[in-house]
Structures are given as structure tokens and as C-alpha cells.
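Fold and contact review
These are the residues of each chain, in order.
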Amino acid sequence: MPAAPALRAQVVTPVPRAGSAVADSARTDAIPLSLDDAVARALRLGDEVQQAETAIDATNAQVTVARSAALPQLRFAGNYQQVLENARATIVGSVFGQSYTYQANATLSQPVFQGGRVVGGLRAASRLRAATRLDLDEARAQLSVDVQRAYLGARAADQLVGIQERNLQLSTERVAQAEQLERAGRAARYDVLRARVERTNLEPLLIQARNDRELAYLELRRLLNLPTDRPLRLTTTVAQDSSAVEAVLRSAEEMGRDAAGRATAAGTPDEAAPVGERAAVRSAEATVDARRASIRVARADFLPTVNVSLTSGFLALPTTAGFPTRLGRSGVEFCPAGSPATRICQNNGFFADRSFRVDVAWPLFDGLRAKGNLDLAQAQARTAELQLAQTRERVAVEAAQARAAVERARALYAAQRANATDAEEAFRLATLRFQRGLGTQLEVSDAQLALLTAQTNALRATYDVYLAAAEQARALGRPIPTP
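Thresholds applied
- Residues numbered from 1 in each chain as written.
- Predicted model: local features only at pLDDT ≥ 70, side-chain atom pairs only at ≥ 80, totals over all residues.
- Heavy atoms only, no water.
- Helix = DSSP H or I, 4+ residues; strand = E, 2+ residues; numbered from the N terminus.
- Buried < 20%, exposed > 50% of the residue type's maximum accessible area, 1.4 Å probe, protein only.
- Contact = heavy atoms within 4.5 Å.
- pLDDT = per-residue confidence, 0-100.
- Axes fitted to C-alpha atoms, helices over the stretch in contact; angles between N-to-C directions.
- Parallel < 35°, antiparallel > 145°, perpendicular 65-115°, else oblique.
- Nonpolar A, V, L, I, M, F, W, Y, C, P; charged D, E, K, R; others polar.
- Disulfide = S-S within 2.5 Å.
- Pairing = 2+ DSSP bridges.
- Phe/Tyr/Trp six-rings, centres within 6.5 Å; stacked < 30°, edge-to-face > 60°.
- Left-handed = near helix turned anticlockwise from the far one by under 90°.

1. Some details on the overall build of the chain
- Assigned secondary structure in the chain consists of 11 helices and 8 strands.
- Per-residue burial for the chain yields a buried fraction of 39% across its 483 residues.
- Here the contacts in the chain between residues at least 6 apart in sequence split such that 82% fall between residues at least 24 apart.

Take a look at the structure:
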């Protein structure tokens, strides 16, 4: 009887079957995917990241709109008018009877004073843009952890299937041994039946493990926006030896101790390092600044506005149909013969038309619209401040939970690793005792079940260490490490 595999042993490759992830990976068209490539693809094509990037585009447009209110405006306007019948010309005189009018003007305007509306609007838009960029950083960090969790979950599912298949193989071999011992008269019929029942009882566990593997691969494909029927071949091998895991634990412990030390030195919760470094907190702070700037914009409705403008263009009032093609001139020489000497006529061309204008507007009563806008802006600012306080509390709790999770992962890893070694030795001894007639089938079954449980727990404890380290880095606003 071969001994049970150690935790670090190579997993026995299962026989491919239709619909399984291992069958997918055996296909030639399987996508080779490393953990780094998976994270990179998710950060490039993930729905959460694309949504955050779209929000940045929207706030960039808002900044452009807010900036435009402070810049000069240049507009062109032109029109053509033909009068079919003019009542004033009929009543007063033909001097008002201008049948054709061509006009083209360019107006340059510049706001001089807007009561702080321009400055406040530009600051609010800029801070909202900063908030959305920080939201993108937060979404990237969360997505990186989610992809790692899905990838490591798929790798763990592969190894759990291997463990279950190995245990089923050992049970099959034990059934054969029990039947051989029965034929030799060294075992009872009861031992054979018990071995067969125990082997059959392991089959649902293998089926469940394969189903869990399928679900793990589906979750990974979902995060990476891959077709659900596209096969994957995971190429990253996660180190499970004690030296690699201990290095991850030391790094996580130093990160947590450094953050806790700087938080203690800061003295106040608002200055605590784990809180202030998170993109979520800085985004909430930028949102508060934007809402406060919006109050200044609302107050500008109570103040006057001053604008200056310069209009320059040309006006033509020809007496005949047809587009004028020359500059306008006036004089007696353009009048028809027999006209009075005092009459001034024009050559049907374009005449210059320029003006300068200063506009001052002050809303004295607008039906309390300005007051309503101010109250709304102040309420939104208070809401943003409360959300900031809640975000700080949530981030502080997440940082504490992450540090506790690292300590828990450390303790479980140490315990489960030692337990797996003991369970392997116990199963080996129980198998030898049964082969030599010193033990019972029940002892071997109990030892195999204990080994299966110990190997499963040890495997999960190993992956929990990597996930706990990644989650702590995210909670503290640090770069997300990958195994």
C-alpha cells in the first residue's frame, strides 16, 4: 500500500472528463494564464475599472465646462432679412422701407465679476475629478484582491480535486487488498463490505470537489470577462513550502506593525496612517471639498454679475436684390439724377458696425430660488462630511480586521501544517498495521478521513495566508502583493 501524499507533493492529474476544468486545460486551445496576467487583464478590461474610468471622463468634461465660464467667449452671428411689406414705410415715409438686410457680427465677451461662481465651480469640478480618480485606485485595489481570490480559489480547487482523487484511489486499492485478504482467509467478509462502502462514500466528495472547481473557474472567467466556455490553463504555481509562507507572513506583519506604529504616532483618528492612506478616504475628503465649493457657487446667486462685450461686424441695406460684394460708401454721387442736393445715398455695400457694452445684473428677488440652492448645497456638504466620517470608521475597522486575519492565518497555518504531517504519519502506520493483521479496517478508514481533512485544511490555510496578506495591503492602501 503506498503512503499518503504530503501536502507539498505533486497532485495526481485526474482523468479528463467532459465539462471539467481539467479537461479544458488539457485541450490544445486552452488559454495559458498566470496570476500576474490575470490581474493585468482585469485591471485593463474589468467592468469595475471601466466604469470608474468612464466617471473620470465625465468629471474631466465637468472641469472643462467650469473652466469655460472664466474664459472669454467669441461668437459669430449672421442673418439675412427681406421685407415684403413695411407698414412704417407706408405710413411715415420710404426712408424706412429697407427691403433687404444683410448682417454679420462677431461678439467677444468676458465675465468680469460673477460673485465667486466661476472659482467655486472650477474648484468643485476639480475636486470631484480628483475623487473619481481615487475611486479608480480603490476599484483597482479591490479588483486585484478579487482576482487573486478567484485565481487562488481555482488553484486550490484543482488541488482539492487531486486530494479527493488520491483518496478515492487509495480506497480502491484498499478494497482490492481486503478482497485479497478475504480469499487468503486473513479478513472477514465484513471488512470487504466496509471497504467498498467507504470507497463509495468518497465518490460524492470527489463529485462535489469537481463541481466546486467548475464554479471557481467560472468566477475567474467572470472577473476577466472571458467566455464561460473558454478553457483556461493556470500557469502560476503557488509556493506552499514553509519558507515562502513565512516570508509572506513576515512581510504582512511588518506592514501591519508599521501602519499601527504610525497611526499611534499620529495621535488622532483623522491623522491615522491606515485611514489616511486609503484611496477611499482621500476620495471622500475630495468630495467634501467639492461640496463646500458648491456652497460658494450657490452664494454667488445673491451677488451681482458684470460682463463686458465687444461687437464688430458689417451691415448692408441694399436697395436691390443680390448679395453685396463690396464695402459700403455713401455720398451724393450715388444718388439718382434729379435728387435733392442734401440727399445722401449709398452704394449697396457692407458698412462697418461696432459697439462696446457693459452688462450689470443683480437679482433682487427670484422667488427664493437662490436661498433654496444655498440650502441644498449646505445639506449636501453636511452629507458628504458624514460620509467621510463613516468612511474613516469603515477603513479603520477594515485595517484592524485585516491585521487580525493575518494573525489568524499565521496560527492556522502553523497548526494545520503540523496536523497534516501527523495525520500522514498516522495513516501510514494504520495502513501497515492493517496489512500485518494488527489493525482493523475501521482504524484505516478513520486515519484516511483524518488525513483527508488535515490535507484540505492545510491547503486552505496556506492559501488563506496569501489572501490575508493581499487583503491587508488593500485595507492599508498599499500595493497589492501577488504570490
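The discussion continues.
2. Concerning the confidence of the model for the chain
- The predicted model of the chain has a mean per-residue pLDDT of 84, with 88% of residues at 70 or higher.
- Taken as a whole, residues 1–27 scores under 50 in pLDDT and shows 58 contacts with residues more than four places along the chain or in a different chain.
- Contacts from residues 266–271, a stretch scored under 50 in pLDDT, to residues over four places away or in other chains number 4 contacts.

3. Concerning the packing of helix H5 (residues 117–183) against helix H11 (residues 441–475)
- In the contact formed by H5 and H11, the axes pass within 10 Å of each other and the chain directions differ by 170°. One finds that H5 runs roughly antiparallel with respect to H11.
- Taken together, the residues of the contact of H5 with H11 sort by class into 14 nonpolar, 11 polar and 7 charged.

4. Looking at the state of the cysteines
- Taken as a whole and assessed by the stated rule, the structure comprises 1 disulfide.
- The residue that forms a disulfide with Cys335 is Cys345, at a sulfur-sulfur distance of 2.1 Å. The S-S bond linking Cys335 to Cys345 shows a torsion near 105°; that makes this disulfide right-handed. With Cys335 in the loop between strand E6 (330–331) and strand E7 (345–346) and Cys345 in strand E7, the pair connects residues that are 10 residues apart, well separated along the chain. Per residue, the accessibility class of Cys335 equals that of Cys345, and both read buried.

5. Points about the environment of Leu364
- Here Leu364 shows up in the loop between strand E8 (351–361) and helix H10 (369–435).
- Judged by relative accessible area, which is 78%, Leu364 ranks as exposed.
- Measuring from C-alpha to C-alpha, the distance between Leu364 and Phe302 comes to 8.1 Å, with 62 residues separating the pair along the chain.

6. Examining the sheet that holds E8
- Reading across the sheet, the 4 strands line up as E2-E3-E5-E8 and stay open at both edges, with antiparallel pairing between neighbours. On the outer flanks of this sheet lie strand E2 (73–82) and E8, each paired with one strand and no other. Ignoring which end each strand starts from, the neighbouring axes of this sheet average 20° apart.
- Summarising the sheet, E2 and strand E3 (residues 100–113) pair through 10 bridges and their orientation is antiparallel. Bridge pairing in E3 places Phe76 opposite Ala106.

7. Overview of the packing of aromatic side chains
- Scanning the entire structure with this criterion turns up 4 aromatic pairs.
- Geometrically, the ring pair formed by Tyr102 and Phe323 is edge-to-face, given 5.3 Å between the ring centres and 90° between the ring planes. Of this pair, Tyr102 sits in strand E3 while Phe323 sits in the loop between strand E5 (305–316) and E6, and the two are 221 residues apart along the sequence.
- According to the relative accessible area criterion, Phe323 is exposed, its value standing at 57%.

8. A word on the pairing of E5
- Inspection of the sheet shows E3 paired to E5 by 11 bridges, in the antiparallel sense. The partner of Pro111 across the bridge, within E5, is Asn307.
- With 11 bridges connecting them, E5 and E8 associate as antiparallel partners. Residue Leu315 lies in a different strand from E8, and its bridge partner there is Phe351.

9. Comments concerning the packing of H10 against H11
- At a minimum axis distance of 6 Å, the contact between H10 and H11 shows a crossing angle of 155°. Regarding the angle of H10 to H11, the classification is roughly antiparallel. For the crossing formed where H10 meets H11, the hand is left-handed.
- Here the contact of H10 with H11 is composed, by residue class, of 25 nonpolar, 8 polar and 8 charged.

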